[in-house]
Amino acid sequence: MRRLSRRKVLSLVRELDAFPKVSDSYVETSASGGTVSLIAFGAMALLAVLEFFVYRDTWMKYEYEVDKDFSSKLRINIDITVAMKCQDVGADILDLAETMITPRGLLYKPVIFDLTPQQRLWQRTLLLIQNRLREEHALQEVLYKTLLKGGPTALPPREGVSLDPLNACRIHGHVYVNKVAGNLHISVGKPIHHPQGHAHIAPFVSHEMYNFSHRIDHLSFGEEIPGVINPLDGTEKITFNNNQMFQYFITVVPTRLNTYKISADTHQFSVTERERVINHAAGSHGVSGIFVKYDTSSLMVTVSEQHMPLWQFLVRLCGIIGGIFSTTGMLHGLVGFCFDVICCRLKLGVYRPREDVQLHNQMNNLNNHQTPLLADDVPQE
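Everything numeric in this text was worked out from a predicted model, so none of it was measured. (Residues numbered from 1 in each chain as written. Predicted model: local features only at pLDDT ≥ 70, side-chain atom pairs only at ≥ 80, totals over all residues. Heavy atoms only, no water.)

With that settled, the discussion passes to the overall build of the protein. In terms of regular secondary structure, the protein is built from six helices and 15 strands. The burial tally for the protein puts 34% of its 381 residues in the buried class. Accessible surface for the protein amounts to roughly 25400 Å². Of this, 60% is attributable to carbon and sulfur atoms. (Helix = DSSP H or I, 4+ residues; strand = E, 2+ residues; numbered from the N terminus. Buried < 20%, exposed > 50% of the residue type's maximum accessible area, 1.4 Å probe, protein only. Areas by Shrake-Rupley, 256 points an atom, 1.4 Å probe, with all protein chains shown as cover.)

Tracing the chain through its elements places T35 in helix 2 (residues 31–56). Using a relative accessible area of 46% as the deciding quantity, one classes T35 as partly exposed. For the pair T35 and H332, spaced 297 residues apart in the sequence, the C-alpha separation amounts to 10.0 Å.

The next subject is the nonpolar core. The biggest cluster of nonpolar side chains holds 34 residues, and the ones touching the most others in it are I76, I250 and Y294. At the level of secondary structure, the elements contributing two or more residues to this core comprise strand 2 (73–82), strand 3 (89–95), strand 6 (168–178), strand 7 (182–188), strand 10 (214–222), strand 12 (244–258) and strand 14 (289–296). Other than its neighbours up to four places away in sequence, I250 contacts L219, F221, L232, F269, S270, V271, V292, K293, Y294 and D295. In this structure, L257, I262, A264 and V301 belong to the second largest nonpolar core, which totals eight residues. (Core = buried A, V, L, I, M, F, W, Y, C linked by side-chain atoms within 4.5 Å. Contact = heavy atoms within 4.5 Å.)

What follows concerns helix 2. The first and last C-alpha atoms of helix 2 sit 38 Å apart over 26 residues, in line with the 38 Å expected at 1.5 Å per residue. G33, A40, M44, E51 and Y55 are the residues of helix 2 that are buried. Where helix 2 is buried, its residues contact strand 15 (299–307) and helix 5 (310–346). (Expected span 1.5 Å × (residues − 1).)

With that out of the way, let us pick up the packing of aromatic side chains. In this structure the tally under the stated criterion is six aromatic pairs. Arranged with centres 6.5 Å apart and planes meeting at 35 degrees, the rings of F52 and Y55 form a pair that is tilted. Placement of the pair is F52 and Y55 together in helix 2, with a separation of three residues, close to one helical turn. Under the relative-accessibility criterion, F52 is labelled partly exposed at 37%. Residue Y55 is classed as buried on the basis of its relative accessible area, which comes to 18%. Between F221 and Y294 the ring centres are 6.0 Å apart and the planes differ by 50 degrees, which places this aromatic pair in the tilted class. One end of the pair, F221, is in strand 10; the other, Y294, is in strand 14, with 73 residues separating them in the sequence. By relative accessible area, which is 4% here, Y294 ends up buried. In textbook terms, an aromatic cluster arises when at least three aromatic residues are bridged by ring pairs, as seen for F52, F53, Y55 and F313. Between the NZ or CZ atom of K190 and the centre of the ring of Y108, over which it lies, the distance is 4.2 Å. Stacked on the ring of F113, the Lys or Arg R215 has its end atom at 5.1 Å from the ring centre. (Phe/Tyr/Trp six-rings, centres within 6.5 Å; stacked < 30°, edge-to-face > 60°. Lys NZ or Arg CZ within 6 Å of the ring centre and 35° of its normal.)

Mean pLDDT over the protein: 79, with 79% of residues reaching 70 or higher. When mean pLDDT is taken per element in the protein, strand 14 scores highest with 92 and helix 6 (residues 354–369) scores lowest with 58. Low pLDDT (under 50) marks residues 373–381, which in the prediction has zero contacts with non-local residues, meaning those over four places away or in another chain. (pLDDT = per-residue confidence, 0-100.)

All chains considered together, the criterion is met by 10 salt bridges. Across the pair R170 and D79 runs a salt bridge whose closest N-O atoms are separated by 3.0 Å. In this pair, R170 is assigned in strand 6 and D79 in strand 2, connecting sequence segments 91 residues apart. The exposure class of R170 is partly exposed, given its relative accessible area of 25%. We note a salt bridge from E273 to K237, for which the minimum N-O separation is 2.9 Å. Placement of E273 in strand 13 (residues 263–277) and of K237 in strand 11 (residues 235–237) is noted, with a sequence separation of 36 residues between them. Its relative accessible area of 37% is what places E273 among the partly exposed residues. On the basis of relative accessibility, which here comes to 19%, the residue K237 falls in the buried class. (Salt bridge = Lys/Arg side-chain N within 4 Å of Asp/Glu carboxyl O.)

Structural data, given as structure tokens:
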């Protein structure tokens, strides 16, 4: 009984076979079919290799949500060189709540404003990358995915010892501020705080010494990540007017970065630049200096690196193999059908009339049965 039930189960399974086997005696091969098969196998191999490279690649996914963290501090990383002596220039931050922040984390270092040829080459390369980033936004994804491979974007140190005078001041470091709109001032004199606001005291600085030509080697918000290029990195402004005002209007967007190499909470920002000459007689009021006005966005961007899962890669690979196999089979059948139609219309090949075929066979038989002349049959003289 068990053997009988097993036979019934096997017979039932055989009836459900969706891939019936065809005997080799009923299979006919052709040169055209072999050629199409070689082309199909080559296309399958090529597309499979390209799909494998797509599987290995990653892409950046951007998600947006409301930033609910307003109690934490915002870090500002600064590295700006001003073409004035350190004792004549000062920096401070005043936020929207009229809270003056004296940046104790900022250092003032006397330096030479002109760059060496190596530093100038670095700056030109950085500006070239900045221009490409403005034109092709996809490069930012490449920078995100290769964070640790790229070196720091800081200005390389000056080689050797220079005898040129130290005619500039490098203001660098970081400071923590409230997550509200604020204004970073770099102006003449050291900042002081008083109940009515704040001021810069410069009693011994003559107006002829004002020179706010500057170079922004680095300006970023949040955690400093090596390899990330910010919009103002490498910016250089040269002026020959003592009453020049430079303004940068920045919108800071909190960004959470999650890649396979690093996870960090940083900030992106967009910037608009403006510069003008202070002329009270012409109605252009203000104070000479460098002013960076920033404001934080209420949205937070989460940038995560995504990778194609293995099951999706296998599904796409099966689709490629099955699609090419089916398509080449249909094309081969269509070409064979068209070839048969043309031969039928022109009566070629197997479609030739029977009379012509019989006449052709008789002529072949006559040619095959012709007896050659023997040497004995040759008449002798």
